[in-house]
Amino acid sequence: MDGHGGTAMLGEMGEQEFREAGVAVVDRIAAYLSHPERWAVLPRTQPGDVASRLPASAPDAGEPMDRILDDFDRLILPNTTHWNHPGFFAYFSITGSAPGILAESLIAALNVNAMLWRTGPAATELEQVTLGWVRDLVGLPPEFDGHINDTASSSTLVALATAREATGLRIREEGLAGRSDVPRMRIYCSEEAHSSVDKAVLTLGLGLQGVRRVATDAELRLDVAALDRAIAEDRAAGILPIAVVATVGTTSTTSVDPVARIAQTCRREGLWLHVDAAYGGAAALVPELRPLYAGWELADSIVMNPHKWLFVPIDCSLLWLRDPERLKRAFSLVPEYLLTPEGASVRNLMDYGVQLGRRFRALKLWFVLRYYGRAGLEARLREHIRLAALFAGWVDAHPDFERLAPTPFSTVVFRYRPAGLEEAPAEAANVLLLQQLNNTGEVFLSHTRVKGTYALRLAIGNIRTTEAHVARAWALVQQLSKQGG
Ligand SMILES: *Cc1c(COP(=O)(O)O)cnc(C)c1O
């Protein structure tokens with residue numbers, strides 16, 4: 001029993017034990033990834049099921065790895081929602097692909113904290129290089145440079161903090177509270193924009209009223225005339241507009257704001273333009289989709305998540321800025337104990353955001369980019385887009401179903417709506433349909449509202465999802481809609 005962290009032995013697990021446990025872990029991963037369908041994609045776990053089966057306190061004596069792994073098999077795997085299941089169509093379906101998974105274990109092994117260049121030279125430089133690679137792959141101009149965050153929420157927060165700093169109101173030094181010389185400020189986005197914009201303003205001290213959500217057109221795109229009116233109205237009321245967030249691929253329906261026209265407004269009004277392409281950004285690798293991105297090169301900042309649709313395990317969010325030095329001016333604080341002899345000759349990642357410590361996320365991005373290559377990534381994204389178009393076509397052709405939003409990427413927003421069914425029972429039928437679909441264990445879909453109407457979402461983004469899985473989802477949708485109705 002000793003030797004598993006008992007007092008008889010200090011220090012780390014021995015090499016031989018590590019090898020054996022490591023093989024056991026890799027065997028599990030390989031078996032799991034080869035056939036995630038053996039699990040229900042959405043487990044039947046009830047709230048509290050997991051916690052109630054765990055001991056109330058941490059073990060006193062260390063335990064052997066095989067026992068810990070047995071409990072992983074027994075308690076964790078069956079009570080997990082299986083994001084790697086090819087029937088995962090909920091939210092945005094994301095995949096941590098094999099090269100990224102392997103990189104994650106190397107990242108953990110090195111345990112680099114890339115706060116300073118000196119504390120992680122390879123991590124710091126690889127981050128900049130991979131950011132440049134992806135920027136080129138998605139067709140952005142070379143002036144965009146940036147860094148990697150955990151999530152788009154963090155990326156958007158620091159981008160909007162930089163926009164707030166660009167007002168010249170010395171908020172970094174003097175703050176907002178207790179000042180009579182600071183007007184109310186406003187950030188604009190569409191009704192369909194992600195809640196991370198609201199989270200950012202509440203964190204930045206602008207208050208939730210600091211976001212003004214602008215109406216969208218019939219295709220759920222920000223209405224630029226309404227934006228222009230909102231800005232003029234706010235200025236007349238003494239409110240200071242500071243930024244616009246345009247979305248390429250909204251979370252609910254994947255609609256695409258008219259970024260080029262929004263950029264004109266921003267230029268005319270002197271506003272920061274932040275483009276949220278957390279989900280949609282990856283598909284700019286596909287040349288025939290490039291027109292969707294027209295104008296994003298005019299942004300001041302752009303966020304894109306390789307953990308969403310570029311096969312990198314969560315988390316990995318890229319933030320590019322036209323001028324990263326502005327971000328640095330907003331955030332850099334260097335205490336004596338973090339000064340290094342390299343001085344200004346190097347980039348220290350701690351200068352570009354809130355957190356000091358940073359994981360070596362660039363390694364998994366690098367592995368994924370190299371293993372699949374541009375061509376491999378492009379082909380996979382194009383296939384997802386093809387599968388979504390196929391499903392959209394099935395919906396359109398069926399008299400009892402309708403699509404509630406265009407399908408520019410790989411997410412289909414639709415509902416069951418047979419002729420003669422009124423609005424209220426139609427909603428109830430779709431709520432029931434979603435429940436029944438998710439109870440099958442074969443597929444997992446989620447829902448949204450499109451201008452108030454309850455809708456189902458089928459998001460394709462899993463690296464294992466094939467036409468057979470999408471066809472099976474459609475068969476289940478048709479079959480279960482009949483049973484419910
Ligand atoms: C998912 C999503 C976000 C938030 O992403 P996190 O990385 O989870 O913070 C922001 N914007 C859009 C458009 C998204 O789809």
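Reference entry: report on the structure contained in this document. Because the structure is predicted, anything quoted here is derived from the model rather than measured.

With that settled, consider the nonpolar core. Val 138, Ile 262, Leu 273, Val 275, Trp 296, Trp 320 and Phe 409 are the most contacted members of the largest nonpolar core, which totals 64 residues. In terms of residues, this core owes the most to one element, helix 12 (residues 362-397), which gives nine residues. Excluding residues within four positions of it along the chain, Trp 320 makes contact with Leu 131, Val 134, Arg 135, Val 138, Leu 140, Phe 144, Asp 145, Gly 146, Asp 300, Ser 301, Ile 302 and Met 304. Counting 32 residues, the second-largest nonpolar core is a separate cluster that includes Ala 152, Met 185, Leu 321 and Ala 330.

Spatial ordering of the open sheet is given by 8-9-11-10, a layout of four strands whose pairing is antiparallel. The sheet is open, and its two borders are formed by strand 8 (401-403) and strand 10 (446-450), each paired with just one other strand. Adjacent strand axes in the sheet meet at a mean angle of 40 degrees, parallel and antiparallel pairs treated alike. Judged from the three bridges that link them, strand 8 and strand 9 (residues 411-416) form a sheet pairing that is antiparallel. The partner of Glu 402 across the bridge, within strand 9, is Arg 415. Seen against the sheet, helix 12 touches strand 8, strand 9 and strand 11 (453-459) and runs at an angle of roughly 20 degrees to strand 9. Its contacts with the sheet place helix 13 (residues 423-439) against strand 9, strand 10 and strand 11, and it is angled at close to 30 degrees to strand 11.

Moving on: the site of the ligand. Taken together, 14 residues form the shell around the ligand, and within it Ala 152, Ser 153, Asp 276, Asn 305 and Lys 308 come nearest. Separating an oxygen atom of the ligand from a side-chain N or O atom of Thr 251 is a distance of 3.0 Å. In this structure, an oxygen atom belonging to the ligand sits 2.8 Å away from a side-chain N or O atom of Asn 305. Those elements giving two or more residues to the shell around the ligand turn out to be helix 5 (152-165) and helix 10 (306-309). Partitioning the shell around the ligand into residue classes produces three nonpolar, nine polar and two charged.

Reading the values: the criteria
- Numbering of residues begins from 1 in every chain and follows the order in which that chain's sequence is written.
- In view of the model being predicted, local features appear only for residues whose pLDDT reaches at least 70, and side-chain atom pairs are presented and counted only at 80 or more, with totals across whole chains, interfaces and linings using the full set of residues.
- Only hydrogens and water are set aside when side-chain values are computed; all heavy atoms of the structure are taken into account.
- We define a nonpolar core as any set of buried Ala, Val, Leu, Ile, Met, Phe, Trp, Tyr and Cys residues linked to one another through side-chain atoms lying within 4.5 Å.
- Exposed residues in this analysis have more than 50% of their type's maximum accessible area, buried residues have under 20%, and partly exposed residues fall in between, with area computed by a 1.4 Å probe over protein chains only.
- To qualify as a helix, a DSSP run of H or I must reach at least 4 residues; to qualify as a strand, a run of E must reach at least 2; elements of each kind are numbered from the N terminus.
- Residue contacts follow a heavy-atom distance rule, with two residues in contact if any of their heavy atoms lie within 4.5 Å.
- Strands qualify as paired when DSSP identifies two bridges or more between them.
- Whenever a helix is involved, its axis is fitted only over the stretch in contact; in every case the axis is a line through C-alpha atoms, and angles between N-to-C directions fall within 0 to 180 degrees.
- It suffices for a single heavy atom of a residue to lie within 4 Å of a molecule or strand for the residue to be listed as near it.
- Any pair of N or O atoms that falls within 3.5 Å is considered a polar contact. Within protein, one atom must be able to donate a hydrogen and the other to accept it, and sequence-neighbouring residues count only if both atoms are side-chain atoms.
- Think of it as three bins: nonpolar holds Ala, Val, Leu, Ile, Met, Phe, Trp, Tyr, Cys and Pro, charged holds Asp, Glu, Lys and Arg, and polar takes everything else, Gly as well.

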